[in-house]
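# Examination of the molecular architecture
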Amino acid sequence: MDILVCMKQVPDTETKIVINPEGTGIVTDGIKYVMNPYDEFAVEEALKIKEKMGGTVTIVSMGPQRATEAIRTALAMGADKGVHLCDDAFEGADSYSTAKALAAAIKPLSYDIILGGKQAVDHDNAQVYAALAELLDISHVSIVTQLDVAEDGKSAVAQREVEGGAREVIEVSLPAFIACQKGLNEPRYASLPGIMKAKKKPIDVIDLAKSGLSADEVGEKGAKLKIRKFFLPPEREAGKILEGEPEELATQLVKLLREEAKAI
Amino acid sequence: MEREWLFEEDHRAYRETVRRWIARELAPYADEWEAAEEFPMDLYRKAGEIGFFAGGLPEEYGGVGGDFRYKIVNAEELVGCRSGGVAAGLGLHDTIALPPISRFGTDEQKERYLVPGIQGKKIGALAVTEPNAGSDVGGIRTRAVREGDEYVIDGSKTFITNGVRADFYIVACVTDPGKKVHGISQILVDKGTPGFTVTRKLHKLGWRASDTGELAFENVRVPATNLLGTENRGFYQIMEGFQEERLLMAAGSTAAAQHCFDITLEYAKGREAFGRPIGSFQVTRHKFADMLTWIEAARRLVYHTIWLHINGHECNKEVAMCKIFACEKAVEVADMCIQIHGGYGYMMEYEVQRIWRDQRIQPIGGGTTEIQKEIIGKLLGL
Ligand SMILES: Cc1cc2nc3c(=O)[nH]c(=O)nc-3n(C[C@H](O)[C@H](O)[C@H](O)COP(=O)(O)OP(=O)(O)OC[C@H]3O[C@@H](n4cnc5c(N)ncnc54)[C@H](O)[C@@H]3O)c2cc1C
Ligand SMILES: Cc1cc2nc3c(=O)[nH]c(=O)nc-3n(C[C@H](O)[C@H](O)[C@H](O)COP(=O)(O)OP(=O)(O)OC[C@H]3O[C@@H](n4cnc5c(N)ncnc54)[C@H](O)[C@@H]3O)c2cc1C
């Protein structure tokens, strides 16, 4: 099996997000970046498929220079090689122009299945896999919590989460994109021997020229949507405690609810 | 992390792994293990899977090579497991049991102990201390007599970390009586060898989850090939190991002091008395300033000495200074942090009291503060 995993480097989930004064993005200074947690499930599943059926696991990631760290982590977990879409032109992408770049990197590769996280925890769009599958003209199954690849590698049965805790069981022909959800597996750690081995594994860097795309198809220029503004929800103000006799309290409360909270 | 000049890319990547592993697999269960005075044995195997013991040990035997900075990373990150006992149980196998095998062992000994040791499948203990000889290593009495192809061992050991559950023991024995430090040898004894028994599991102020054992040897026969290193060079072999052990203890104590400082700072910002956060009282602020100064000074001294050590510079004085300063200051910091917590610091549900209990051993184990001062004094020609 030729297994691909789409992986993104994102701010650590424990990061305290601060919006820049212009409201155009977040302050990136001092942020620690990690592999998108949902992508960890994808890497783990890919490694399990490889262990069972043989083959290679290739990590495909678009991101700035620093994203190589996350690719190395996946290689240290046991993936075989990396493909890193890295060029200033790819910056500022939305889901669509990301999918476009990923598709360009993936098309020349041989693949039987593509895995990825159900969403990246930075922008939480959960759209890249659908757009990518469309561009590659393959099926996709989202929010997958169980996956069984058929012995011949030609199809897979995936369970996906639906409302109310119910499960949907889907049989899909391969290649397909599988968007992984928590619960699918327990991702392994990048072991110390794995970290040492990862240093020798190849990472193919693809810039704009190598991707075969033009600058206005990718990144911010190729994006279908533009982020106008970032803002945090207003901080909750301290509550008010009313004091007095019950009748007075009720009158005050109704007044406040009507005039201040405008709730009634 | 990039502020830290001592570590390289591989150490940083590895630190990420250990930190996550400890946060997910150890920290959530630490309180339970501390209360039970035991942690599950399969932690060693799980640690082995992430290569926890592999750092600084040779590749032929399952290590990854490099120097002992990986073990420094372990010592620092183990603070995050919230149990000095777990840190000691995993840590001492890593830092005092495996390195002597790697340094002095024969190929056969390395196959037998180092390979499964790195995998976490066989656990080791270093047994030096005796009821009547702690600081005075030259005063040990456990005797090993050579009879044909065997050593016959008689004696006892105490305070041995992993002493109850280890699979192999590196036992310091007198092989040439009357010669004191020139007549000691290290001999490997396997669990289950006839005549070798664990007489007691000891209960402790701190390091609760670690097992500390008392051992008895009565007419214990082991093959002469179980000698580790050179006969009658045992004392010097032990001292060689102490260099790194002391640096590891100093690094661990510094990290523990930092952690204790961090949680106390949070506490002092949130806790109010007389209508103000307690951290805003000048007396408290000054305590924080003092503590941070000690911690930073300790870290700089320790990192500098590690650098001297891995680059082959003589640094016996500096190692002793690290051991004294970092370990003493960690206890002092923990004590101050309890004071800042007020009555809460005395309660078992607050972590500062555990850090204080766990750190209290640090100026005692691995050569006491007084012994370190003796070392410096001697090196000064006094
Ligand atoms: C939790 C724990 C785990 C341990 N794990 C191990 C282990 O795995 N393996 C092992 O071999 N040992 C282990 N030890 C033993 C430890 O190394 C000794 O406790 C330590 O070396 C001190 O020896 P002692 O307890 O016999 O104290 P003593 O040597 O009796 O010292 C008592 C006091 O006298 C002082 N003193 C002694 N000599 C001098 C001197 N010349 N000048 C000035 N003051 C002096 C000491 O500094 C100390 O304050 C452990 C101990 C503990 C508590
Ligand atoms: C085992 C135990 C038994 C106890 N028994 C009793 C009992 O029987 N009855 C009872 O009523 N209480 C009892 N107490 C409570 C005890 O009296 C309080 O813990 C103590 O008064 C400190 O108060 P606190 O814990 O709220 O600390 P805090 O008042 O929160 O103080 C925290 C820290 O801030 C410092 N601080 C506070 N104010 C200032 C200031 N103005 N300037 C500088 N520093 C300041 C303190 O010195 C301390 O270091 C007990 C406590 C314990 C631990």
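Thresholds applied
- Residues numbered from 1 in each chain as written.
- Chains lettered and ligands numbered in written order.
- Predicted model: local features only at pLDDT ≥ 70, side-chain atom pairs only at ≥ 80, totals over all residues.
- Heavy atoms only, no water.
- Patch = residues over 30% accessible without salt bridge, like charges linked within 9 Å, V, L, I, M, F, W, Y side chains within 5 Å.
- Areas by Shrake-Rupley, 256 points an atom, 1.4 Å probe, with all protein chains shown as cover.
- Salt bridge = Lys/Arg side-chain N within 4 Å of Asp/Glu carboxyl O.
- Helix = DSSP H or I, 4+ residues; strand = E, 2+ residues; numbered from the N terminus.
- Near = heavy atom within 4 Å.
- Polar contact = N/O pair within 3.5 Å; in protein donor to acceptor, adjacent residues only side chain to side chain.
- Nonpolar A, V, L, I, M, F, W, Y, C, P; charged D, E, K, R; others polar.
- Domains from an automatic or database assignment.
- Contact = heavy atoms within 4.5 Å.
- Buried area = accessible area lost by both parts, 1.4 Å probe.

### So, a nonpolar patch on the surface
Taken together, the side chains of Leu-253, Val-254, Leu-257 and Ile-264 of chain A define a hydrophobic patch exposed on the protein surface, amounting to about 330 Å² of accessible area. Checked against the element boundaries, Leu-257 of chain A lands in helix α7 (residues 246–259).

### Remarks on the site of ligand 1
Residues and elements named next belong to chain B. Within the structure, ligand 1 sits among 18 residues, and Thr-129, Ser-135, Phe-159, Thr-368 and Glu-370 are positioned closest to it. Contact between ligand 1 and Leu-126: a nitrogen atom at 2.8 Å from a main-chain N or O atom of the residue. One of the side-chain N or O atoms of Glu-370 is found 2.7 Å from an oxygen atom in ligand 1. When ligand 1 is considered free in solution it has 970 Å² of accessible area, and contact with the protein chains removes 64% of it. At the level of elements, β1 (124–127), β3 (150–161) and α11 (369–379) are the ones that each hand at least two residues to the shell around ligand 1. Among the elements that make up the shell around ligand 1, the one with the highest residue count is β3 (three residues). Residues belonging to the shell around ligand 1 are distributed by class as follows: 10 nonpolar, six polar and two charged. A domain-level breakdown of the shell around ligand 1 finds at least three residues from each of domain 2 (126–232) and domain 3 (235–379).

### Considering the domain arrangement of chain B
Residues and elements named next belong to chain B. Along its sequence, chain B is organised into domain 1 (2–122), domain 2 (126–232) and domain 3 (235–379). If you average the C-alpha positions of domain 2 and of domain 3, the two centres end up 30 Å apart. The interface is formed by 15 residues belonging to domain 2 together with 14 residues belonging to domain 3. Here domain 2 packs against domain 3, burying approximately 1,200 Å² in sum over the two surfaces, 62% of which is carbon and sulfur. Inspection of the domain 2/domain 3 interface yields zero salt bridges.

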